[in-house]
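Listed below are the residues making up each chain.
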Amino acid sequence: FPVTIPEQMGDGVGFIYVIYDSILNRAYLGKKSFTKTVKGKTVPSDWKSYKSSSKLVAELLSHRPLSEFEFICIEVYKTRGTLSYAETWSLCMAEVPTTPNWYNTRIEAISWTVKEPVSKRHKDRLLQIMQRIKGTK
């Protein structure tokens, strides 16, 4: 995928992303960590080649040209708690489970201590994506 906002892929524990389907004008919002724990050890995750945890989106990506999708990194966060919070905040803000423009169907609970607010840049970028999907640029 071409990462739309590459300057953000710096320090942090993970990032909030959107996979935008330009043909169907729908999107999937998620989070991805830069590392994972395997047998008690922290190792790099597959974030550079990661597609989606959504089975539907993964299926679409495997049967259609990748050029029909855009991968957008909204923001990188420094703590796991804030990463989870920012994902939940975004899903609620965009009302994703209740609108036909999003592939997401559920929102998971936050289980981490939140130590930083959702950034202004994150809020601005999510709003731009929401307006794009609704067709009100």
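Scroll up a little and you will see the structure.
(A) Highlighting the overall build of the protein chain. The number of helices and strands found in the protein chain is 3 helices and 5 strands. Overall, the protein chain shows an N-to-C arrangement of helices and strands of β-β-β-β-α-β-α-α. Long-range pairs, those at least 24 residues apart, make up 73% of the contacts in the protein chain between residues at least 6 apart in sequence. About 8100 Å² of surface is accessible on the protein chain, with carbon and sulfur atoms providing 53% of the total.

(B) Just the nonpolar core, in detail. Ile 16, Val 18, Leu 29, Trp 102 and Ile 129 are the most contacted members of the largest nonpolar core, which totals 19 residues. Only β1 (14-21), β2 (26-33), β5 (69-77), α2 (80-93) and α3 (120-134) provide two or more residues apiece to this core. Here Ile 129 is in contact with Val 18, Ile 72, Ile 74 and Trp 102, once residues within four sequence places are set aside. One finds Ile 19, Phe 34, Leu 60 and Val 76 within the second-largest nonpolar core, a separate group that totals 14 residues.

(C) The arrangement of the side chain of Ser 119 in detail. Mapped onto the secondary structure, Ser 119 falls in the loop between α2 and α3. Judged by its relative accessible area of 19%, Ser 119 falls in the buried class. Among the polar contacts made by the side chain of Ser 119, one reaches the main-chain amide nitrogen of His 122 at a distance of 3.0 Å. Excluding residues that lie within four positions of it along the chain, Ser 119 makes contacts with Glu 75 and Tyr 77.

(D) Examining the sheet that holds β2 more closely. Strand order across the open sheet formed by 3 strands is β2-β1-β5, with antiparallel pairing between neighbours. On the outer flanks of this sheet lie β2 and β5, each paired with one strand and no other. Ignoring which end each strand starts from, the neighbouring axes of this sheet average 20 degrees apart. In the sheet, β1 pairs with β5 via 8 bridges, with the strands oriented antiparallel.

What counts, and where the lines are drawn
- Residues numbered from 1 in each chain as written.
- Predicted model: local features only at pLDDT ≥ 70, side-chain atom pairs only at ≥ 80, totals over all residues.
- Heavy atoms only, no water.
- Helix = DSSP H or I, 4+ residues; strand = E, 2+ residues; numbered from the N terminus.
- Contact = heavy atoms within 4.5 Å.
- Areas by Shrake-Rupley, 256 points an atom, 1.4 Å probe, with all protein chains shown as cover.
- Core = buried A, V, L, I, M, F, W, Y, C linked by side-chain atoms within 4.5 Å.
- Buried < 20%, exposed > 50% of the residue type's maximum accessible area, 1.4 Å probe, protein only.
- Polar contact = N/O pair within 3.5 Å; in protein donor to acceptor, adjacent residues only side chain to side chain.
- Pairing = 2+ DSSP bridges.
- Axes fitted to C-alpha atoms, helices over the stretch in contact; angles between N-to-C directions.

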